[in-house]
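Overview (structure and organization)
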Amino acid sequence: MKRTLSLLLSALLVLSAAGLCGCNATDYKNAVALMEAGSFDGAREIFRALGDYKDSAALADSCSFSLAKGALEAGRYDEAADAFLALGDYPGAKAGYDDARYQKAKKLMTDGSYAEAEALFTELDGYLLSKDLAQDCRDRMLENTVLGRWISDNFDASELIAASLEGFADFVDIDEVVAPYAEKLAITMRAEFLPDGTAVITPDRESYTTFFNASRELTREAMLIYFEEVYRYQLAMSGFTLEDLYAELGVKDIRSAILQIEGIDVNDIIDQQFPEELLDLVFEASEEAYPFSVSDGDILISDDEGDTVFGYDPDTDTLTLDGTALIEMLGIGDVGLTYLFHREK
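Residues numbered from 1 in each chain as written. Predicted model: local features only at pLDDT ≥ 70, side-chain atom pairs only at ≥ 80, totals over all residues. Heavy atoms only, no water.

**Focus on the pattern of salt bridges**
- Here the structure, examined in full by the defined rule, presents 19 salt bridges.
- Of the charged contacts in the structure, one is a salt bridge between D41 and R44, with a shortest N-O distance of 3.2 Å. Linking D41 with R44, this pair stays in helix 2 (residues 40–49), spanning 3 residues, or about one helical turn.
- Overall, D41 belongs to the partly exposed group, its relative accessible area being 43%.
- As a salt-bridge pair, K94 and D98 come within 2.6 Å of each other at their nearest N and O atoms. Of this pair, K94 and D98 both sit in helix 5 (residues 93–110), 4 residues apart, which is roughly one turn of that helix.
- For K94, a relative accessible area of 54% corresponds to the exposed category.
- Among the charged side chains, a network of salt bridges with common partners joins K94, D98, R101 and E123. (Salt bridge = Lys/Arg side-chain N within 4 Å of Asp/Glu carboxyl O. Helix = DSSP H or I, 4+ residues; strand = E, 2+ residues; numbered from the N terminus. Buried < 20%, exposed > 50% of the residue type's maximum accessible area, 1.4 Å probe, protein only.)

**Describing helix 4 (residues 77–86)**
- Among the residues making up helix 4, those that are buried are A80, A81 and F84. The arc that holds the buried residues of helix 4, viewed along the axis, is 100°, so those residues lie on one side. In this structure, helix 4 carries D82 and A86 as exposed residues pointing more than 90 degrees from its buried face.
- Looking at the buried residues of helix 4, the elements they touch are helix 3 (56–73) and helix 5.
- Looking at the residues trailing helix 4, positive phi occurs at G88, about 60°. (Arc of directions from axis to C-beta. Contact = heavy atoms within 4.5 Å.)

Here it is, written out as structure tokens:
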């Protein structure tokens, strides 16, 4: 009896094992068919249920990879990134993860979410064009940051005027002539960056008018001193004085002497060099709007002569501008200074 039961149990075990093997084989075959048909989700569930049967685990990962790729292609970037990340060291998973984040960042950038896009591009640390695109995002954010009105600190334009008087330097102490006018030679600049992508840079009308009039007066003074010292020098060589010249010409001042000797009126020369109309021309020219853009953190204002470059300091929320470019842009000289702009309140 025991022998019969033993044989019966053995037979049942063999049949059970054969049945199980047949079930696994069928499920495996069905999963492969689903996988080949593109039904990766259903195939993956069967492969996972099959555990270590044949290469089920590897094929389950393959299905997961295909599902992640599908999510990426469909623009479901967060889903794709999570799926690729879950695959660990699976071949292509790291590249897929990076690409999902890269494509998400590009979409954010297109939608104008520059801060989020910049953060993602920066995290990607050089993947494809992520470094350049991160900078592009920062540039676009800076374009928005600078919008509005800015005003510069008063800057001393004495150097500008002193440079224009160098022709008198052999007989005139330029610094001595300019010094009394120093307070009137301060110019304030204004800048406005507009949403249409243009910018206007103009001198403050009050400060520039004061500067203009002071420049007229001190240039007139320098010219009179120049002629006076030249005449004095030439007369001394012959043993005469300036007073002797005045007596001979019947005049009482250097301006009248110049008029008789040179046939020119210093005041007329000054009017020619500093015509009142020049003020209006300066303001009209400076009110023209120029296109502006941001590239690699520099704010570029472009005209026919080239680019004027502003720098931006986010810590102090200030703009800096090379004075040479500004002065050239406004057509009022050439002097190397740096100007600091604050937001106008």
